[in-house]
Amino acid sequence: MAFTDEQNQAIYAREPLVCVSAGAGSGKTTILIERIADLLARHKTESGPQLGLDQIVAITFTEKAAAEMKARLRRKFREAADPADVGNMHFWREMERQVESARVSTIHSFCASILREHALRIGMDPDWGVLGDAESEQLAENVVTETIYRLLEKEDPACLRVSLEFSRAQLKEALLDMLMKRWEYQAVDGETRYASPEALYQYWEERLPGAQETLLRTYCYHPEVRVLEDALRAYDGHCSDARDKRELQRCACIAVLQALINREDDLVGKIRGYFSAYRRMGGQKDNWSSEDAYIGVKDALTRAKDFMKDNCLLPEWDEAFERRAAQITCDLFQVGNQVMTAYRAARQAGAVLDFEDMINETLALLRNHPDLCRRVAGSIRYLLIDEFQDTDKRQLEIAQLLASAEGGPHLFVVGDVKQSIYYFRGAEVSIFTTVRKQSSNPLTLPDNFRSVPDVLHFVNDFFERTQLLGAVEAYQPMGVHREARRTPCVECFIPKPEDKELAAEMHERDAEFIAQRILELCGGDAPLLLQEKEGGTRAASYDDVVLLFRRSSYMEDYESALRQKNIPYNRISGAGFFQRREIQDILALLKLI
């Protein structure tokens, strides 16, 4: 198989830290497989200690991806076993045999293996069990409920105050959220920051100016800022008097928006200065090219002012309100700590860990036992991490502790910030960019081998024009490798809302339109023709169609529309187990019986 120059660099790079930015369809899994095979082959022929497959750790994000990587490793090793070279054949067949026990897994499985191996040393039961998501949620809910009642029975002052401030459901939800994100709260210096409401109030007051500036500096990526600026610049040259109050306000507003885009200093002062200077619209209609221009500028200025007022400025500092908020926050933090302690006790009593615990306990183990950390690191010579854009700070620290230990592994990470999807689980794309800067020779796989060029051209043009990904990186167009079809591959339908139409009615109309379009593509008078890999074309069928949704709220409307058109479909996900239609039907039947 022929590789591009960029792919070869990623396969053969030997620096202690290698960071690869690999876009969608760039062949990153193939690169990982080839890199592992090359490491084994190179050490086989070189003098010095031989490299065993068990000294290579490859971490990916899902069990399915880990299983696929193992399957591809087996295939690669089988292909490398040349019968003409007996010694070579035996080596690669032995590698193929070892794949089943290879250290290719998710981060949770990797952490679990470390904890089980060293359980007795840290006072854990070696036979500890794993709490699944559903079991963990149930245990957390029980612990939160029991802790609230226990503290209320003891008339705990903090719990009494937050119970008066929030409804029981709100308090329970807040504590559950704290428990699910406990590693973030435990990382905070609670003993000083939340020691008292006064200490927290002082902390907020000192950091308010900087917090406002930090917030405003993120608006350089907000697409609405450029839309507002363009709307105001559209009236360049429409006013004959540069001293006209409306024209002066237009220019001042453009200057403020430009300051946001350029991330200038003292953005808070500039915005407040603008609001102070231009409290009213003003202007003379005769100075403008037309009445439409005169009114249009007013509308554009109103939209810009509303945007800045609603999004760019924090409310005026209210001392009484902030002191009360500090008291409630400290109370909630205290109750939350009690919940976390109770959850840990319940976990230990049942000799179980949830997925978050696996990472937290492993990190604590490596931090607090340097000798043990060196032992674990010494058993790994190469650490490869896939989907690195979805890594959080704890996972990064685990990798860094191992890589920086004496005799620790070389670190190879691959990811794509554009594909980060686990922000809700604590993933931070900034981690990938930080590690990339630390790498002495950051690599990029720019070419897409999966998508047809006609789609890639649209994607490249869309993101270059809109800069929607500007908050994570400067968009780099994906390279094209497949042959272009020279036919339209992207259709964009923007329904025109009808007067007083409800959201539900709009979704029903959209669903009916989509179902009709699928009929036309797969069974109409002129069906869509698809190219076969072996050559030739065929008509599109229903199993070529996939519908993706941002959320599952209105999926039922689309299912109904598909049924009405007699279009067969299969709902893959989007509802919990007991909410799926087939399960609901069975439950209804059981109730009837």
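Just above sits the structure.
Here is a short report on the structure shown in this document.

Conventions used here
- Residues numbered from 1 in each chain as written.
- Predicted model: local features only at pLDDT ≥ 70, side-chain atom pairs only at ≥ 80, totals over all residues.
- Heavy atoms only, no water.
- Helix = DSSP H or I, 4+ residues; strand = E, 2+ residues; numbered from the N terminus.
- Buried < 20%, exposed > 50% of the residue type's maximum accessible area, 1.4 Å probe, protein only.
- Axes fitted to C-alpha atoms, helices over the stretch in contact; angles between N-to-C directions.
- Parallel < 35°, antiparallel > 145°, perpendicular 65-115°, else oblique.
- Left-handed = near helix turned anticlockwise from the far one by under 90°.
- Contact = heavy atoms within 4.5 Å.
- Nonpolar A, V, L, I, M, F, W, Y, C, P; charged D, E, K, R; others polar.
- Pairing = 2+ DSSP bridges.
- Right-handed = clockwise from strand over helix to strand, strands pointing away.
- Salt bridge = Lys/Arg side-chain N within 4 Å of Asp/Glu carboxyl O.
- Phe/Tyr/Trp six-rings, centres within 6.5 Å; stacked < 30°, edge-to-face > 60°.
- Lys NZ or Arg CZ within 6 Å of the ring centre and 35° of its normal.

The subject of this paragraph is the environment of M506. Here M506 lies in helix 22 (residues 503–523). On the accessibility criterion, M506 (27% relative accessible area) is partly exposed. Through-space distance from the C-alpha of M506 to that of K496 is 9.4 Å; in sequence the pair is 10 residues apart.

With that settled, consider the packing of helix 1 (residues 5–12) against helix 2 (residues 28–45). Relative orientation of the contacting elements helix 1 and helix 2 amounts to 50°, with a least axis distance of 8 Å. Comparing the axis directions of helix 1 and helix 2 gives the class oblique. Seen along the crossing, helix 1 lies across helix 2 with a hand that is right-handed. Note on element contacts: helix 2 touches helix 1 through I31, E34, R35, D38 and R42, opposite Q7, A10, I11 and Y12. Across the contact of helix 1 with helix 2, the residue classes break down as 4 nonpolar, 1 polar and 4 charged.

The buried fraction of strand 7 (residues 410–415) is high, at 5 of 6 residues. Of the pairings in the sheet, the one linking strand 1 (residues 17–22) to strand 7 comprises 5 bridges and is parallel in character. Within strand 7, the position partnered with S21 by the bridge is G415. Where strand 6 (residues 382–385) lies against strand 7, 4 bridges are found, and the strand directions are parallel. Among the inter-strand pairings, L383 is bridged to a residue of strand 7, identified as L411. For the crossover that starts at strand 6, traverses helix 19 (residues 393–404) and ends in the parallel strand 7, the hand is right-handed.

As a further point, take the pattern of salt bridges. All told, the structure shown has 38 salt bridges when counted by the stated rule. Ionic pairing is found between E206 and R207, a salt bridge with its closest N-O pair at 3.3 Å. Accessibility expressed as a relative area gives 57% for E206, which makes it exposed. Judged by its relative accessible area of 41%, R207 is partly exposed. Residue R347 pairs with D357 through a salt bridge whose shortest N-O separation is 2.7 Å. You can see R347 sitting in helix 16 (residues 319–349) and its partner D357 sitting in helix 17 (residues 355–368), a full 10 residues away along the chain. Owing to a relative accessible area of 4%, R347 belongs among the buried residues under this scheme.

What follows deals with the packing of helix 3 (residues 63–80) against helix 4 (residues 86–98). Interaxial distance between helix 3 and helix 4 falls to 8 Å at its minimum, and their mutual angle equals 170°. Classified by the angle between their axes, helix 3 and helix 4 sit roughly antiparallel to one another. Across from R74, F77, R78 and A80 in helix 3, the residues of helix 4 making contact are N88, W92, M95 and E96. Its residues placed into classes, the contact of helix 3 with helix 4 shows 4 nonpolar, 1 polar and 3 charged.

On to the packing of aromatic side chains. Across all of its chains, the model carries 13 aromatic pairs by this definition. Plain terms: the ring middles of Y219 and F307 are 6.0 Å apart, the flat faces sit at 80° to each other, and that makes the pair edge-to-face. Residue Y219 is found in the loop between helix 11 (197–217) and helix 12 (223–233), and its partner F307 is found in helix 15 (residues 291–311); the two are separated by 88 residues along the sequence. The burial state of Y219 is the same as that of F307; both residues are buried. Taking 5.6 Å as the distance between ring centres and 40° as the angle between the ring planes, the aromatic pair formed by Y274 and Y278 counts as tilted. For Y274, a relative accessible area of 3% translates into the label buried. The rings of F458, F462, F463 and Y475 are connected pair by pair, giving a single aromatic cluster. The lysine or arginine in question, R116, covers the ring of W128, its NZ or CZ lying 3.9 Å from the ring centre. Across the ring face of W183, the terminal group of R394 is positioned such that the distance to the ring centre comes to 4.1 Å.

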